[in-house]
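Single-letter residue listing:
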Amino acid sequence: MRSMSSVDSPLAGRRVLVTRAAAQAEETCAALRARGASPVPMPTIAVSPREDLRELAEVLRRPPPGWLLVTSVNGVSALSRLLDDEPSLRTTLRSWSSAVVGPRTAEAFAKLGLGEALLAEEHRAEGLLARLPTSLAGQPAVLPGANKVRAALLEGLAERGTATEKARDDAE
């Protein structure tokens, strides 16, 4: 079986709008170019880090420890900034269980040194839920950096008996 060249690709010669945030679009554009497409960056969202992460720090300090659910590299960035500002939280966060949505998020999360996180096999909300225990009663779930969370994830967490907190970055 021969490998598909960019000329043979169904994307060859097509223009493709890339709606990711400008700072996150290049990898997608490069992959599209490699397949013969002409990417057109057109950001529909701008991720701007929240400058005040006190809300996130307060939530993470409240007992009991629960689940840290990281749905994007933006969530890892929020945690990284928080740990830079408040290094003492690193010990607190090591007592939390963690789960991440995808391999890039897992790679970024690992660099924080907070221990191993469960990785969703299916890289979306349903995959994350599938990796979590069926009962989370009494355990909080925190989604750092999350602005918009799929309803399936919030509903699934509620069905498992957890209170969910979104400590997010601002997005336009």
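All figures in this text were calculated on a predicted structure; none of them were measured in a lab.

About the cut-offs
- Residues numbered from 1 in each chain as written.
- Predicted model: local features only at pLDDT ≥ 70, side-chain atom pairs only at ≥ 80, totals over all residues.
- Heavy atoms only, no water.
- Helix = DSSP H or I, 4+ residues; strand = E, 2+ residues; numbered from the N terminus.
- Buried < 20%, exposed > 50% of the residue type's maximum accessible area, 1.4 Å probe, protein only.
- Contact = heavy atoms within 4.5 Å.
- Areas by Shrake-Rupley, 256 points an atom, 1.4 Å probe, with all protein chains shown as cover.
- pLDDT = per-residue confidence, 0-100.
- Pairing = 2+ DSSP bridges.
- Core = buried A, V, L, I, M, F, W, Y, C linked by side-chain atoms within 4.5 Å.
- Salt bridge = Lys/Arg side-chain N within 4 Å of Asp/Glu carboxyl O.
- Expected span 1.5 Å × (residues − 1).
- Polar contact = N/O pair within 3.5 Å; in protein donor to acceptor, adjacent residues only side chain to side chain.
- Axes fitted to C-alpha atoms, helices over the stretch in contact; angles between N-to-C directions.
- Parallel < 35°, antiparallel > 145°, perpendicular 65-115°, else oblique.
- Left-handed = near helix turned anticlockwise from the far one by under 90°.
- Nonpolar A, V, L, I, M, F, W, Y, C, P; charged D, E, K, R; others polar.

Brief notes about the overall build of the chain
Move 1: Helices and strands together make up the secondary structure of the chain, namely seven helices and nine strands.
Move 2: Looking at the chain residue by residue over its 172 residues, the buried ones come to 35%.
Move 3: Excluding contacts between residues fewer than 6 apart, the proportion of contacts in the chain whose partners are at least 24 apart in sequence is 60%.
Move 4: Accessible area of the chain: about 9900 Å², with a carbon and sulfur share of 52%.

Focus on the side chain of Thr 105
Move 1: Tracing the sequence through the fold places Thr 105 in helix H5 (residues 103-110).
Move 2: By relative accessible area, which is 7% here, Thr 105 ends up buried.

Focus on the confidence of the model for the chain
Move 1: For the chain, the mean per-residue pLDDT works out to 85, and 87% of the residues sit at or above 70.
Move 2: Model confidence for the chain, summarised as mean pLDDT per element, is weakest for strand E9 (residues 170-171) at 40 and strongest for strand E5 (residues 97-100) at 96.
Move 3: Taken together, the stretch residues 168-172 has pLDDT below 50 and engages in 22 contacts with residues farther than four places along the chain or on a different chain.

Regarding the pairing of strand E4 (residues 67-70)
Move 1: Burial of E4 is two-sided: the residues Trp 67 and Leu 69 facing one way and the residues Leu 68 and Val 70 facing the other way are all buried.
Move 2: Taken together, the four bridges between E4 and E5 define a ladder with parallel strand orientation. For Leu 68, the partnering residue across the bridge sits in E5 and is Ser 98.
Move 3: Summarising the sheet, E4 and strand E7 (residues 141-144) pair through two bridges and their orientation is parallel. When the bridges of E7 are listed, Trp 67 appears paired with Ala 141.

Here's the deal with the nonpolar core
Move 1: Of all hydrophobic cores here, the largest spans 21 residues; its most connected members are Leu 60, Leu 68, Leu 79, Leu 93 and Phe 109.
Move 2: Elements supplying a minimum of two residues to this core: helix H2 (54-61), E4, helix H3 (73-85), helix H4 (89-94) and H5.
Move 3: In this view, Leu 60 contacts Leu 68, Leu 79, Leu 82, Thr 92, Leu 93, Trp 96 and Val 142; residues no more than four positions away in its chain are not counted.

Concerning the pattern of salt bridges
Move 1: As enumerated under the stated definition, the model contains seven salt bridges in all.
Move 2: Notably, a salt bridge pairs Glu 27 with Arg 104, separated by 2.3 Å at the nearest N-O pair. Highlighted residues: Glu 27 in helix H1 (residues 26-34) and Arg 104 in helix H5, separated in sequence by 77 residues.
Move 3: Judged by relative accessible area, which is 56%, Arg 104 ranks as exposed.

Points about H3
Move 1: Under the 1.5 Å per step criterion, the end-to-end length of H3 is 18 Å for 13 residues, consistent within 8% with the ideal 18 Å.
Move 2: Of all the residues in H3, the buried ones are Asn 74, Gly 75, Val 76, Ala 78, Leu 79, Leu 82 and Leu 83.
Move 3: Backbone nitrogen of Asn 74 and a side-chain oxygen of the N-cap are separated by 3.2 Å at the start of H3; the cap is Ser 72.

Some points on the packing of H3 against H5
Helix-helix packing is described using two parameters, namely the angle between the two axes and the distance between the axes.
Move 1: It is the contact of H3 with H5, at a shortest axis distance of 8 Å, that shows an interaxial angle of 10°. By the criterion of interaxial angle, the relationship of H3 to H5 is roughly parallel. By crossing handedness, the relation of H3 to H5 is classed as right-handed. Of H5, the residues touching H3 (which contributes Val 73, Val 76 and Leu 79) are Arg 104, Thr 105, Ala 108 and Phe 109.
Move 2: Along the lines of polarity and charge, the residues of the contact of H3 with H5 split into five nonpolar, one polar and one charged.

With respect to the environment of Gly 145
Move 1: Its location among the elements puts Gly 145 in the loop between E7 and helix H7 (151-159).
Move 2: Note on Gly 145: relative accessible area 12%, which makes it buried.
Move 3: Distance from Gly 145 to Ser 72, taken between C-alpha atoms, is 7.8 Å for residues 73 residues apart in sequence.

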